[in-house]
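Chain by chain, the residues run as shown.
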Amino acid sequence: MTDTQDTLSIGAFARASRLSLKALRLYDDLGLLPPDRVDPDTGYRFYAPGQIGTARLIGLLRTVEMPLADIRALLDAPAPERARRVEAYWREAQALHLQRAAVARHLIHTLRGDPMPTSYEVQSRDVPAQLVLTTGRRVFLPDLSAFISSSMDRLHAELHAQGAEVAGPPVVIYHGEVNADSDGPVEVCVPYRGQVQPGSDLTAREEPAHTEAFVTVRKADFDYHELMAAYDAVDRHARAHGTRSALSCREVYPYDWDAAGPDDPAGEVACPYQPRG
């Protein structure tokens, strides 16, 4: 395969762009970086020198592990928007890294059998049956916080629009594990009094009366490592004092999250159970 006057062979282009032949073929197959022309007889790919900049950009974006679908969207975006897309991606990547670091700390702590990082005072309470307006979704860890926040805002707005009264703090129920492979589902609930006509993906239902073990969690401790310690504490209490309920574990938010400082209470972790006797 030889270069023509105006194009580079795939080998020469690979050397110039510092991308492998395998990567170039993949990017061609995905439509990210098609060659300038393909010889109809040999199938050899030829690239224009002006494509080197795009190739190096793709290589750098893959170095920071930007997904190929996001790279395609970035390449299709106007030039002034590209930097903003990288900034947005990097903010999400850093948040995900912090979450993974917290998970790693929890694993190391657990596998070593170290003492719990925080000693939680577990309490028990009876929760009456209550009507709740809810929305649920399957969601992975990177999107969890945004889903919870937007859902709470939406549920409160819907209750206000229909003239119903908010009757308690928001509750986030985890019907399944949320991590890199498991997507819940997660249900966000707001208790209410009055008449509500749910629509779209909103549901109005009754949350059953139950007893639950709970702990109060500081805002600074809403980190995977510390939060898992809180879940472990309420689970141990529930099993020691009865049997686990069919109801799922949850987080309750009776405090003003935005106004809370790092050492202020910001939420509760609760585990429903059936008391012994």
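Residues numbered from 1 in each chain as written. Predicted model: local features only at pLDDT ≥ 70, side-chain atom pairs only at ≥ 80, totals over all residues. Heavy atoms only, no water.

For this particular structure, what's the right way to read the overall build of the protein chain?
For the protein chain, the helix and strand inventory stands at seven helices and 13 strands. For the protein chain, the C-alpha atoms occupy an extent of roughly 85 × 50 × 35 Å along the three principal directions. Excluding contacts between residues fewer than 6 apart, the proportion of contacts in the protein chain whose partners are at least 24 apart in sequence is 70%. Summing over all exposed atoms, the protein chain offers an accessible surface of approximately 15600 Å²; the carbon and sulfur share of this is 52%. (Helix = DSSP H or I, 4+ residues; strand = E, 2+ residues; numbered from the N terminus. Contact = heavy atoms within 4.5 Å. Areas by Shrake-Rupley, 256 points an atom, 1.4 Å probe, with all protein chains shown as cover.)

Looking at this structure, I do not really get the pattern of salt bridges. What am I missing?
One side chain can pair with another of opposite charge once the charged atoms of both are near each other. The full count for this structure, using the stated rule, is 14 salt bridges. The shortest N-O distance in the salt bridge between Glu-212 and Arg-125 comes to 2.9 Å. In this pair, Glu-212 is assigned in strand β10 (residues 210–218) and Arg-125 in strand β4 (residues 123–127), connecting sequence segments 87 residues apart. Residue Arg-218 pairs with Asp-221 through a salt bridge whose shortest N-O separation is 3.0 Å. Take Asp-221: its relative accessible area is 6%, and that puts it in the buried class. Salt bridges sharing common partners tie together Glu-187, Arg-205, Glu-207 and Arg-250. (Salt bridge = Lys/Arg side-chain N within 4 Å of Asp/Glu carboxyl O. Buried < 20%, exposed > 50% of the residue type's maximum accessible area, 1.4 Å probe, protein only.)

Sorry if this is basic, but what is going on with helix α2 (residues 21–29) here?
Within an α-helix, residues lying three or four positions from one another point in the same direction, as the helix has 3.6 residues per turn. What α2 keeps buried is the set Ala-23, Leu-24, Tyr-27 and Asp-28. On an axial view of α2, the arc spanned by its buried residues comes to 135 degrees, and they lie on one face. Among the exposed residues of α2, those oriented more than 90 degrees off its buried face are Lys-22 and Asp-29. Looking at the packing, one finds that the buried side of α2 touches α1 (10–17), β3 (45–47), α3 (52–63) and α4 (68–76). (Arc of directions from axis to C-beta.)

Please explain the domain arrangement of the protein chain as it appears in this structure.
Many authors give the size of an interface as the accessible area that is lost as the parts come together. Per the domain assignment, the segments making up the protein chain are domain 1 (8–76), domain 2 (82–117) and domain 3 (123–275). Here the C-alpha centroids of domain 1 and domain 2 sit 32 Å apart. If you look at the interface, domain 1 gives ten residues, while domain 2 gives five residues. Across the domain 1/domain 2 interface, buried area totals approximately 630 Å², and carbon plus sulfur atoms make up 65% of it. When the buried surface of domain 1 facing domain 2 is broken down by residue, Val-64, Met-66 and Leu-74 rank first, second and third, together holding 59% of it. Scanning the region where domain 1 abuts domain 2 turns up zero salt bridges. Secondary structure elements with two or more residues in the side of domain 1 that touches domain 2: α3 and α4. When residues in the side of domain 1 that touches domain 2 are grouped by element, the largest group, four residues, is from α4. The residue makeup of the side of domain 1 that touches domain 2, split by class, is eight nonpolar, no polar and two charged. (Domains from an automatic or database assignment. Buried area = accessible area lost by both parts, 1.4 Å probe. Nonpolar A, V, L, I, M, F, W, Y, C, P; charged D, E, K, R; others polar.)

Mind showing me how you'd approach the UniProt feature "domain: HTH merR-type" (unreviewed entry) in the protein chain here?
When the UniProt feature table is mapped onto this chain, "domain: HTH merR-type" (unreviewed entry) is found at residues 7–77. As annotated, residues 7–77 has a helix share of 54% and a strand share of 10%, and its two end C-alpha atoms lie 26 Å apart. (UniProt positions renumbered as here; feature names shortened; annotations may be inferred.)

Can you walk me through the sheet that holds β3 in this structure?
Hydrogen bonds between backbone atoms are what pair the strands of a sheet, whose relative direction is either parallel or antiparallel. On the basis of which strands lie adjacent, the open sheet formed by three strands has the order β1-β3-β2 and antiparallel pairing. Lying at the two open borders of the sheet, with one neighbouring strand each, are β1 (8–9) and β2 (37–38). Two strands pair when backbone bridges link them, and β2 and β3 are joined in this way by two bridges, in the antiparallel orientation. Paired with Arg-37 across the bridge in β3 is Phe-46. (Pairing = 2+ DSSP bridges.)

How should the packing of aromatic side chains be read in this particular structure?
Pairs of aromatic rings are described using the distance from one ring centre to the other and the angle between the two planes. Tallied over the full model, the rule gives four aromatic pairs. Geometrically, the ring pair formed by Phe-222 and Trp-257 is edge-to-face, given 5.1 Å between the ring centres and 85 degrees between the ring planes. Placement of the pair is Phe-222 in the loop between β10 and α7 (224–241) and Trp-257 in the loop between β12 (250–252) and β13 (265–275), with a sequence separation of 35 residues. Owing to a relative accessible area of 32%, Trp-257 belongs among the partly exposed residues under this scheme. Aromatic side chains Tyr-253 and Trp-257 sit 6.3 Å apart centroid to centroid with 70 degrees between the ring planes, which places their arrangement in the edge-to-face category. Taking the relative accessible area as the measure of exposure, Tyr-253 reaches 13% and is therefore buried. Members of the aromatic cluster, each reached through a chain of ring pairs, are Phe-222, Tyr-253 and Trp-257. Note that Arg-125 overlies the ring of Phe-214, its terminal NZ or CZ placed 3.7 Å from the centroid. (Phe/Tyr/Trp six-rings, centres within 6.5 Å; stacked < 30°, edge-to-face > 60°. Lys NZ or Arg CZ within 6 Å of the ring centre and 35° of its normal.)

It is not clear to me how unusual backbone geometry should be interpreted in this structure. Could you clarify?
For residues besides glycine, phi is generally negative; the peptide bonds are generally trans as well. A cis amide bond, omega 10 degrees, links Gly-184 with the succeeding residue Pro-185. Locating Pro-185 in the fold gives a position in the loop between β7 (171–174) and β8 (186–193). Its identity is not glycine, yet Arg-18 carries a phi of approximately 65 degrees, on the positive side. Assignment of secondary structure puts Arg-18 in the loop between α1 and α2. The class for Arg-18 is exposed, based on a relative accessible area of 64%. Here Ser-200, not a glycine, exhibits a phi torsion of approximately 55 degrees, which is positive.

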